[in-house]
Amino acid sequence: MWKQIEDALNQSTTAFITNSVRLLPGIVAMILALLVSLVLAWIVGLVLRRLLASVRFDEWLVRWGLSPAVEWSPSRSPAALVSGLASAAVVIAGLLIGVAAFNSELTSELIRAVVAYVPNIVGAVLVLLVGTIAARFLARSVLIGAVNLNLDYARFLSAGVKVLVNVLAVAMALEHLRIAVGIVELAFGILFGGIVFSLALAVALGSKDLVTRSLERDVKKPVREPLEEPLRHL
Amino acid sequence: MEVDAVSQQAAQSVEQVGSADLLVGLLADLTKDELGCVYESLRALPGSPRVVVLQNGPAVSSPPPPTPDPWEHSSPVALLPWSPVADGAAATAIESVATAYESIFSSGTKLEVKAVCLVASKMEDPTSGWVCRLVQPLLAGDFDLVAPCYARRRFEGLLNNSIVSPLTRSLYGKRIQNPMGPDLGVSRKLFEEVLGSERDLAGGGGLRLVARLAPVACRDDFRVCQTYLGSRIYPPLDWTNASALLTEILGPVFLSVEKNAARWQQTRSSALITTLDEPAPPASQGQSQTAVDVARLINTFQLGMRDLQEIWRLVLPPATLFELQRVSPEKFRIPDELWVRIVYDFALAHRLGTINRAHLLRSLTPLYLGWAASYALETEGADSQALTRRLERLSIAYEAGKPYLISRWRWPDRFNP
C-alpha cells in the first residue's frame, strides 16, 4: 500500500514539475515581452512627448477651444497625457503578447475576448473625451452669447447645455461598452427628455411675466418703432 | 487674392480699362448728385491723372455687356459699375466691406495705379470735395497712407475711440485718429506691402487687410498723414450687435499687435502726424443727441461680472478683477487706467491663446459696454472740444500703461499682478 502511495506521490510530483517546466518558457517569454514592451513604451513616450512639444500641441489644443483637455491632464499638459496613454497601450500590448506565449487554449480565448473588447473601450473613452470637451465649449459659447443678449438666466442655460451634452456622451460611451444597452437607451431617453422639458418649463416660467407684459403691450398699446441704436461703434 | 475670385463682373470691368493713375472704390451707396460731386471733384484734380472710379452696384449673375472704351471722351475719369461681392459670397455687412477692400486692392495691382482711394462713407456735405482731400496727398504729397478725421460726435466711432485709435497711438507711436478708416487713401507701395505680408499670414478675420494698413505703414516708415473730411453719415448697417463687431474688428487688430510685437516694443512715445486741412467746425451732435440707454449697458456689464468670472479669470489678473468688482452701479465709472489694462490683457490673451479666440473677444463685450456706459455718463453735455480732451486723456492712459503691456508680453507667467 505504501508502495502505491509512494508511486502516486512520485507521479504527482513528476507531473507538477513537468507542467511547471513546461510553463517556464512561457513565463520567461512573458517577462521578456514585458521588459521589451516597457523599453518600447519608454521610447514611444519620449519620442511622442518631444514631437508634440515641438509642434506646440498644448497651445494648439487651447487655440482650438479644447482648454478643458489642459485642465484635466497631468501637469496641465495634454502632450504628457497623450504620450502616457501611448506608453500604456504599448505595455498592455506587450503583456498580451507575453500571455499569448503560454499557448494555452484558455489564455488564447481570454486574449481574443480582451482584444475584441479593446476597440469598444477606446471608442468609449474617445466619445467621453470629445463629449466633455464639446460640452465645455458649447456651454461657454452659450454663456457668453446669453450674457451679451442680456439674458438673466445665462448661467442656467449654459449649465443645461453642458449637462445635456455630457448625458449624451455618457449614454453613447455606455452603448459602446455594450453595458445594459436597453436600459441605457431607455434611461437616456427619459433623462434627456426630462432635462429638455424641465429647461423649457423653467425658461417659460421664468419669462412668464415678460411674455404677459409683451402680450398686454401688443394688445393695449399702438405698435412703436424700436429705438434707434445711438451707439456707432466704428 | 485674385479679383476673379471675388467677382467676375469686377474683373471684367477692370480688364477693360487697362491701366490708370488712381483707382477710387466707391463702397458707399451714393446718390446720383453725390456721385456727380465726386466725379466733378476728381476731374478737377491737378495734373489730370487718369482716374478709374469703381462704383458699387448690385451684383449681376451674367457677364456685363461690352462697354465702349472708358477713355473715349478724353475724360480723365472713367466711371465703371462694379459689384465687389458675388451674390451670397459674404454673410455679414463687415465681411462684404472687407471683401470689397480686398477686391479694390487687387484691382489696383492689376491697373498698376499709383494709389487707391476707398470711399465707404457718406458725408453731410457732399459738395466739399472731400474725396479729393484723400487723394491729393497721395498724388502730390508723396504720402503713402491718408487717414480720415471726422467731426467728433459723442457716440460715433466708439470702438475706434476706445480701443483702435489709442492702441495704435500707444503701440506704433503715430497719433492717427481713424487708423481703420473706413475712408482711406493708400499708395500702391503700401497696399502691395500689405498684400504681400497677407500671403504669409493666415487668419485674423474679415478686416485684416485694413487692420494691417496703419501698423505696416508705421512699422516700415511709410509716410502717413490725416485729413479733415467733415461730418460723417453712418450707413444703416446692422452693426448693432456689438459682440460680432468686436470679434470682426479686434481679431485682426490684436493679430496685428502680435505680428508687429518686435517693432512696437521699441517705440517709446507717440508723435503727431501731418494733418491736412482745417478741422471741421464743431459738429452738431445730430444722431448722438439721442439718449443712450445707460442702464441697459450697465446691466450687461453687471451680468458679465456675475456670470463671466470663470472666463475673465483666465484673462485678467486678480488685481484687475478686484478693481472691476469695486465699480459701483450707483456712481458708475470705469477708470481709464483700468480700461487700458483690460484691453492690454485681452490682447495678450489673444496672443497666448488662453481660451478660444472667438470666445475671448466676445467675452469682452460686457466690459466694452461698461466702458461705453461710463463714457456716456462722463461726457453728458460735452461739446466737441471736451470730447477731444476726454479722448486725449484716454490715449495718454494707453501710453502710460504701455510698460505694463510690455512686461506682461515678455513675461506673461511671471508678471501677473
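The rules behind each value
- Residues numbered from 1 in each chain as written.
- Chains lettered and ligands numbered in written order.
- Predicted model: local features only at pLDDT ≥ 70, side-chain atom pairs only at ≥ 80, totals over all residues.
- Pairing = 2+ DSSP bridges.
- Helix = DSSP H or I, 4+ residues; strand = E, 2+ residues; numbered from the N terminus.
- Axes fitted to C-alpha atoms, helices over the stretch in contact; angles between N-to-C directions.
- Contact = placed C-beta atoms within 7 Å.
- Left-handed = near helix turned anticlockwise from the far one by under 90°.
- Nonpolar A, V, L, I, M, F, W, Y, C, P; charged D, E, K, R; others polar.
- Expected span 1.5 Å × (residues − 1).
- Buried ≥ 20, exposed ≤ 12 C-beta atoms within 10 Å, placed from the backbone.
- Arc of directions from axis to C-beta.
- Domains from an automatic or database assignment.
- pLDDT = per-residue confidence, 0-100.

### With respect to the sheet that holds strand β3 (residues 77-82) of chain B
All names here are of chain B.
- One open sheet holds the eight strands; their spatial order is β3-β2-β1-β4-β7-β6-β8-β10, and the pairing between them is mixed. This sheet does not close on itself; its edge strands, each paired only once, are β3 and β10 (274-276). On average, each strand axis in the sheet is inclined to that of its neighbour by 20°, with strand direction left out of account.
- For strand β1 (residues 22-26) and strand β2 (residues 51-56), the ladder comprises five bridges, and the chain directions are parallel. By the bridge assignment, Gly25 is partnered in β2 with Leu54.
- The strands touched by helix α3 (residues 32-43) are β1, β2 and β3; relative to β3, the strand with the most contacts, the crossing angle is about 145°.
- Contacts between helix α5 (residues 130-139) and the sheet are confined to β1, β4 (115-119), β6 (145-150), β7 (184-187), β8 (224-230) and β10, with β8 contributing the most and set at about 165° to the helix.

### Quick word on the packing of helix α11 (residues 294-307) of chain B against helix α16 (residues 365-378) of chain B
Residue and element names in this part refer to chain B.
- In the contact formed by α11 and α16, the axes pass within 8 Å of each other and the chain directions differ by 145°. Remark: the crossing between α11 and α16 carries left-handed chirality. Contacts between α11 and α16 involve Val294, Leu297, Ile298, Thr300, Phe301, Leu303 and Gly304 from the former and Pro366, Leu367, Leu369, Gly370, Ala372, Ala373, Ala376 and Leu377 from the latter.
- For the contact of α11 with α16, a count of residues per class yields 12 nonpolar, three polar and no charged.

### Description of the environment of Asn148(A)
- Inspection of the secondary structure assignment puts Asn148(A) in helix α5 (residues 105-148).
- Look past the residues within four positions of Asn148(A) in its chain and what remains in contact with it is Ser243(B), Arg362(B) and Thr365(B).

### Some words on helix α17 (residues 384-400) of chain B
Residue and element names in this part refer to chain B.
- Across its 17 residues, α17 extends 24 Å between first and last C-alpha, which sits within 8% of the 24 Å expected from 1.5 Å per residue.
- Three or more residues of α17 are buried, namely Leu387, Leu391, Ser395 and Tyr398. Angularly, the buried residues of α17 cover 75° about the axis, an arc narrow enough to put them on a single face. Exposed residues lying more than 90 degrees from the buried face of α17 are Gln385, Arg389, Glu392 and Arg393.
- Residues of α17 that are buried make contact with α6 (158-172) and α14 (336-352).

### So, the domain arrangement of chain B
Residues and elements named next belong to chain B.
- Each assigned domain of chain B is listed with its residue range as follows: domain 1 (3-283) and domain 2 (291-410).
- Listed per partner, the contact involves 26 residues of domain 1 and 30 residues of domain 2.
- Taken together, the elements giving at least two residues each to the side of domain 1 that touches domain 2 come down to α6 and α9 (242-259).
- Its residues assigned to classes, the side of domain 1 that touches domain 2 comprises 14 nonpolar, eight polar and four charged.

### Looking at the confidence of the model for chain B
Residue and element names in this part refer to chain B.
- Taken over all residues, the pLDDT of chain B has a mean of 80, while the share at 70 or more is 82%.
- Of all secondary-structure elements in chain B, the lowest mean pLDDT belongs to helix α1 (residues 3-6), at 43, while α14 reaches the highest, 93.
- Confidence over residues 1-6 falls short of pLDDT 50; this stretch has 17 contacts with residues more than four positions distant or in other chains.
- Contacts of residues 59-66 to residues separated by more than four positions or lying in other chains number 13 contacts, the stretch itself having pLDDT below 50.
- Among the scores for the predicted complex, ipTM is 0.80 and pTM is 0.76.

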